[in-house]
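Residue-level listing of the chains:
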Amino acid sequence: MNRGLRETDKVAPERLLRLIGELVRELNPTQANDARITVDSLLDRDLGFDSLTRVELVARVEREFGVRLADDVFATGETPADLIAAIRSSSSEAIQFLDAPAPQQAASPEVDLVDALTLTDVVDRYATEHPNRRHIVLYDDASEGSALSYGGLRSAALEVATGLQHARVEPGDRVAIMLPTGEDYFLAFFGVLYAGAIPVPIYPPVRASQLESHLAHQCKILDNCKARALIAFREARVPAQLLLGQVESLRAVTTVPELRARGTTLSRVPLNASDTGLIQYTSGSTGDPKGVVLSHQNLLANIRADGAGVDASPRDVFVSWLPLYHDMGLIGAWLGSLYHGVVLVSMSPLHFLSRPIRWLQAIHRYRGTLSAGPNFAYELCMRHVDDDALRALDLSCWRVALNGAEPVLPDTVRRFTERFARSGFDPKAMFPVYGLAESAVGLAFPPLGRVPRIDRVDRTRLARDSIAEPADPGDTDAVEFTSTGFPLPGHELRVVDEKNRELPERREGRLQFRGPSATAGYFDNPAASSALRVGAWLETGDRAYLADGELFVTGRTKDLVIRGGRNIHPHEVEQVVGALDGVRRGCVAAFGVQDRNPGTERLVVVAETRTTAADALRKIRSRVNAVVAGMLGAPPDTIELVPPGSVPKTSSGKIRRSSCRELYASGKLGPEAAPIWRQALTLAVSGFGRRCRKAAASGREWAFASWSWTSFGTLMTLVWFGVLALPTVSSRWRLMRGALRLFAASTGTRFAVEGVEHLPSGRPFVLASNHQSYLDALALIAALPVPVVFVAKAELAKQFFAGTFLKRIGTQFVERFDSGRSASDADQLVELASEGHSLVFFPEGTFTRREGLLPFRMGAFIVAARSGQPVLPVALHGTRQVLRDGSWYPRKGAIRVSIGHPIEPAPTGEGVWNQATKMRANARGFILRHCREPDLANSRPFAEAGSRAA
């Protein structure tokens, strides 16, 4: 054990506080008073340390004490006392990386996925053709790391889906996923999709001190998406339970192991390309969350275009530490790797932030060819990878280093490529990209094999005239922007002025886009969705210019300050103010507020500082005025100096300018955080009313279900004996019809029938109805005043209670699996129709949990054409909502039966098949218009939906 550890108990507190004081002085040189830094000082609230400052602190602690701290210390350590405890329990051994290249599997042939319609199609195809092929490797420093195959992903995800259905998650329900990076996340995401629900990724809590703000933000998301269930990790159960009292729609909080242990049978839900595959909440600066709705079609279009942009193939290896609740990590890294057959080496963001070298070491060891990160990740590597480690790395395999998700700084691009060239990094591998959640993830990529293009423009012309005029070589005040290349295949970009007129090249304006990846809008937010669209184009919220067809993003539209006809980019103001003595770097917000004079704005600068002395504050204000005036030609209108922790940020550390503007306008900048116990108590009390309402609603639901089954059982018992006793079919029909209408009335089910007058008078017909639920036959009996013959599967005839009852009401049983018997049964049905019996068919042949009209089989229409009888189309609506497939839990609702005009067969000279196809098309058209459900004719797979009564 080294000397630092042997003397830890005696010197750790003093040495640690001295080290923290040095870091404080570096961040704020004018703040020399270290006396207020104690072992109980809060790193965030008292000292203003953000996540990146914590990374720097942990690195210095390890160097000072010669120890290796646990990976989660930088995130969970609240005070110097926590760090002292971590030092005492630490190891003196340096982290051991496996340096030998990891075993490489031979690249399998590319799988043809051109006809894949959904993400589950992709998994199904790989699991069928390459079930044992490695898909994901979970990174480990000193071992090979566990691997997840395509077949393993699918089988485990189906177990999760089964558990979700057991938890009463219905198709189309939103399921929030609050999990850290790991195997459970991958299983949960596809488990939600296989259950027919919609995944909603949200970020997990990091520190206890963030409890109130974290849960408050998550409540807004869960409320907005009306989440039905939340999948969390085991340690998050306590805070997650508080969410049950805050979110009306939330009914279940569970974990992946619990879902996999349910062990019931999965009712596979067919998915369509237009179905929602993901709701991605942006990490923007708005106070109200906006959930970007992305269909499977949107996602696959973007994944295919991204893959073409980087020439992805099964020969690639993608190394990623990016969070899976963020679009770049979820779609760009994981789902893109899944589709293109790329091995994904997955690392926790916590592991990267605690030791940035891990990212590069993983690329070195696994011979990673693709990887991505925001600009700050490349900066961290430059600061925390020393020269010795640099010489031991071989990054020559890294052919595409995507840099996106935040502004790509030209200085970062230059310095990273220069420094890591010593490790074999190719400058042409640096790949600045542009994207946004509203376009899934990617929108513009540069050409492969080119060094990044950096454009130097005249700062004055850009600010005054919105013209990106190339700067003179000697212009030291020029502003630089990095090209993010050209729009992806199938996508388009344009830059417009305030009247939506397209601008020529090198004119700065609002950036808009369109293409197959474009979202349909924000979930349950029609106002925001409407504001997003300008005709066929969507707003990106960014300002930019085009040069030679390449995209250069200059800033955010909503954050742009226009004062006296001059455009002011807030991030530039924030950078220069953040570099001043006494101001916390990265904790400055600049924004505009409307002045009384129309068309003008005041520039407000909010800066965090630990300084409290009046004289020192005056000096800081003077420096802010001077530096802003020197850059813009005029000082800011208002300067607000606030304590550490006052400037709001997103989960990824970005300044939330809009929220800061709102706090400024309401006079609430810089409030002190309440104690943890008070936060928890506030949340618990505020949720008590909702808990009571949810409990009452749950009680009413159970009472309704119990009464429904009791009423149904009683009435159907009487009807069963009545049907056996009554002498004629018509009398039995009247008994059933009356009992079912009484049942509807007793349960408060609103039952309506329209189009009874369309029933053919005095002649038989072939009734074709959509199939939604086990209630469909009962709804038809209650609606029709004349007896009809149901066509049912032959298996029912063998059952005592059901078979006896169905035979007494004239049901005709047909064979579904024996082709010879089926043909004979078809002839018998034609004979029955010709004899004057009205037959009832459900041409879909089955029903599913999911809303939508399936394709129609030909049987009913062949019978009608051969017997010369008209087809009577009947549309059912509401039975699926009252009793959904796979559930015996009825719900109160309304049922409507719509009867259409009879569809007469065409002249016999046209042929039976042609007559049948025309009648089928007309009948399905009527039912589709009146059932109020989407058309699933092109959805697949139907075979996996399971067989139901015909």
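Scroll up for the structure.
Residue numbers run consecutively from 1 along every chain, following the written order of its sequence. Only residues with pLDDT of at least 70 are given local features in this predicted model, and only at 80 or more are side-chain atom pairs given and counted; all residues enter the totals for whole chains, interfaces and linings. The basis for the side-chain values is all heavy atoms of the structure; hydrogens and waters are excluded.

*Asks:* Honestly, helix α18 (residues 410-419) in this entry has me stumped. Any pointers?
*Replies:* Note on helix geometry: an α-helix contains 3.6 residues per turn, so any two residues three or four positions apart are oriented the same way. Type-normalised accessible area, obtained with a 1.4 Å probe on protein chains alone, sets the label of each residue: buried when under 20%, exposed when over 50%, and partly exposed for intermediate values. A helix here means a DSSP run of H or I that spans at least four residues, while a strand means a run of E at least two residues long, and both kinds are numbered starting from the N terminus. Of all the residues in α18, the buried ones are Pro410, Thr412, Val413, Phe416, Thr417 and Arg419. Elements that come into contact with the buried residues of α18 comprise α16 (375-384), α17 (387-392), β13 (430-432), β15 (454-457) and β16 (479-482). When checking whether two residues touch, look at their non-hydrogen atoms; a contact exists if any pair is within 4.5 Å.

*Asks:* I would appreciate a short explanation of the environment of Thr482 in the present structure.
*Replies:* Looking at where Thr482 falls in the secondary structure, it is placed in strand β16. The sequence separation of Thr482 and Thr554 amounts to 72 residues, and the corresponding C-alpha distance is 9.2 Å. Filtering out sequence-adjacent residues up to four positions away, Thr482 remains in contact with Val408, Leu409, Pro410, Pro432, Arg453, Ile454, Leu551 and Phe552.

*Asks:* Looking at this structure, I do not really get the sheet that holds strand β34 (residues 871-877). What am I missing?
*Replies:* Backbone-to-backbone hydrogen bonds pair the strands of a sheet. The strands run either parallel or antiparallel. Overall, mixed pairing links the seven strands, which are arranged β29-β35-β34-β30-β33-β31-β32 in an open sheet. Of all strands in the sheet, those bounded by a partner on one side alone are β29 (750-754) and β32 (812-814). Strand-to-strand, the axes of this sheet are offset by a mean angle of 25°, without reference to chain direction. Strands are labelled as partners when DSSP assigns at least two bridges between them. As judged from the five bridges shared by β29 and strand β35 (residues 894-899), these two strands associate in the parallel manner. Paired with Glu754 across the strands is Ser898, a residue of β35. To obtain each axis, a line is fitted to C-alpha atoms, and for helices this fit is confined to the stretch in contact; angles are then taken between N-to-C directions over 0 to 180 degrees.

*Asks:* Just checking my understanding: could you explain the packing of aromatic side chains for this structure?
*Replies:* Aromatic ring pairs are described here by two measures, namely the spacing of the ring centres and the angle between the planes. In this analysis, rings of Phe, Tyr and Trp, with Trp reduced to its six-membered ring, are considered paired at centre separations within 6.5 Å, and the interplanar angle assigns stacked below 30 degrees, edge-to-face beyond 60, and tilted for intermediate values. Counted by the stated rule, this structure contains 32 aromatic pairs. Aromatic side chains Phe591 and Tyr664 sit 5.9 Å apart centroid to centroid with 65° between the ring planes, which places their arrangement in the edge-to-face category. Of this pair, Phe591 sits in strand β26 (residues 588-594) while Tyr664 sits in helix α23 (residues 657-666), placing them 73 residues apart in sequence. Its relative accessible area of 18% is what places Tyr664 among the buried residues. Ring geometry for Tyr774 versus Phe847: centroids 5.0 Å apart, planes at 90°, classification edge-to-face. Of this pair, Tyr774 sits in the loop between β30 (766-769) and α27 (776-783) while Phe847 sits in the loop between β33 (839-841) and α30 (859-867), placing them 73 residues apart in sequence. In this structure Tyr774 comes out as partly exposed when scored by relative accessible area, which is 40%. For Phe847, a relative accessible area of 1% gives the class buried. Among the aromatic side chains, those forming a connected cluster through ring pairs are Trp321, Phe352, Trp359, Phe376, Tyr378, Trp398, Phe416, Phe420 and Phe425. The side chain of Arg924 reaches across the aromatic face of Phe856, ending 5.5 Å from its centre. Charges are assigned to positions over rings by a cutoff of 6 Å between ring centre and Lys NZ or Arg CZ, combined with an angular limit of 35 degrees from the ring normal.

Taken by themselves, the reported measurements are silent on function.
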